[in-house]
Amino acid sequence: MSPEEIERHFTSPDGEFRFARWERPIVPVVFGVDDRTLSVIKGAIEAVVALAGHKMAETDPELGSNLMLFFVRDWDELAALDGLARMVPGFDETVARLEREGANQYRFFRFEDSGAIKAAFVFLRMDESLSEMAAEDLALAQAVQVILLWGTRAFGEISPLARLPGGQVVLRPEIAGLVAAGYDPLLPVAERDGMALSLRLAARMNAGSTGAE
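Quick summary incoming for the structure in this document. (Residues numbered from 1 in each chain as written. Predicted model: local features only at pLDDT ≥ 70, side-chain atom pairs only at ≥ 80, totals over all residues. Heavy atoms only, no water.)

Section: the pattern of salt bridges
Filter applied, for reference: Every case where a carboxyl oxygen of Asp or Glu lies within 4 Å of a side-chain nitrogen of Lys or Arg is listed as a salt bridge. In this description a helix means any DSSP run of H or I spanning at least four residues, a strand means any run of E spanning at least two, and both kinds are numbered starting from the N terminus. Exposure classes here rest on a 1.4 Å probe applied to the protein chains alone. A residue is buried below 20% of its type maximum, exposed above 50%, and partly exposed in between.
Taken as a whole and assessed by the stated rule, the structure comprises 11 salt bridges. Its salt-bridge partner being Arg204, residue Asp184 comes within 2.7 Å of it at the nearest N-O pair. Remark: Arg204 occurs in helix α8 (residues 194–207) and Asp184 occurs in the loop between α7 (173–182) and β8 (190–191); sequence separation between them is 20 residues. Each member of the pair, Asp184 as well as Arg204, is classed as buried. Overlapping salt bridges bring together Arg24, Asp60, Glu62, Glu112 and Lys118 as one network.

Some words on the nonpolar core
Defined as follows: Definition of nonpolar core: a set of buried residues of the types Ala, Val, Leu, Ile, Met, Phe, Trp, Tyr and Cys, connected through side-chain atoms within 4.5 Å. Contacts are assigned to residue pairs that have any heavy atoms within 4.5 Å of one another.
Ranked by internal contacts, the top residues of the largest apolar core, which has 52 residues, are Phe10, Leu67, Ile147 and Trp150. Sorting the residues of this core by element identifies β1 (19–20), α2 (35–52), β3 (67–72), β5 (117–125), α6 (135–147), β7 (169–171), α7 and α8 as the ones contributing at least two each. Here Ile147 is in contact with Arg21, Trp22, Ile26, Val48, Val49, Ala52, Ile117, Val179 and Tyr183, once residues within four sequence places are set aside. Judged by nonpolar contacts, the second largest core, of 16 residues, contains Phe91, Val95, Tyr106 and Phe123.

All we've got here are geometric facts, nothing functional implied.
Here it is, written out as structure tokens:
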């Protein structure tokens, strides 16, 4: 990836660049799936966290769980879940907007004082499009989209996933490389200077390993 391509992955439609990664260990909890799907989702999260060189834990001392994934058939199912309005500001208005737009997914992040990701909430409405995806593919796509704070259009045209000749679905190599580079301990946990950080990320990706400018 060129620095310009990297920068676009963390830039919003209004031109704001914002990069952030997790600082605390990730503690996921999943609602609305059966036991088999639960294990698939947690396995995908574990794989992406390992790729990043980050950590998971059994519990977060402040939040209990800091990565929550909700699978529903209709957005109005979320109204029955207590406490979401406290965790996601403007939640009722957001659900109404998602219904109007016919959206099938939404992610909300909370941040540390340092700017790092503190918690993430993933909401998936299992419409025909998402239901057609294999559980493993859907889980991997969601895991990579919460390991960093991507721009809202980062994967609008090209999926973060690729299919190997044998049929196995994996992360695209450049996305896997970007995730690994983004967790280099020498880089900041959060950054708003797009070109400066993108140059450092590109150097690490092009070197084939992290740790070198």
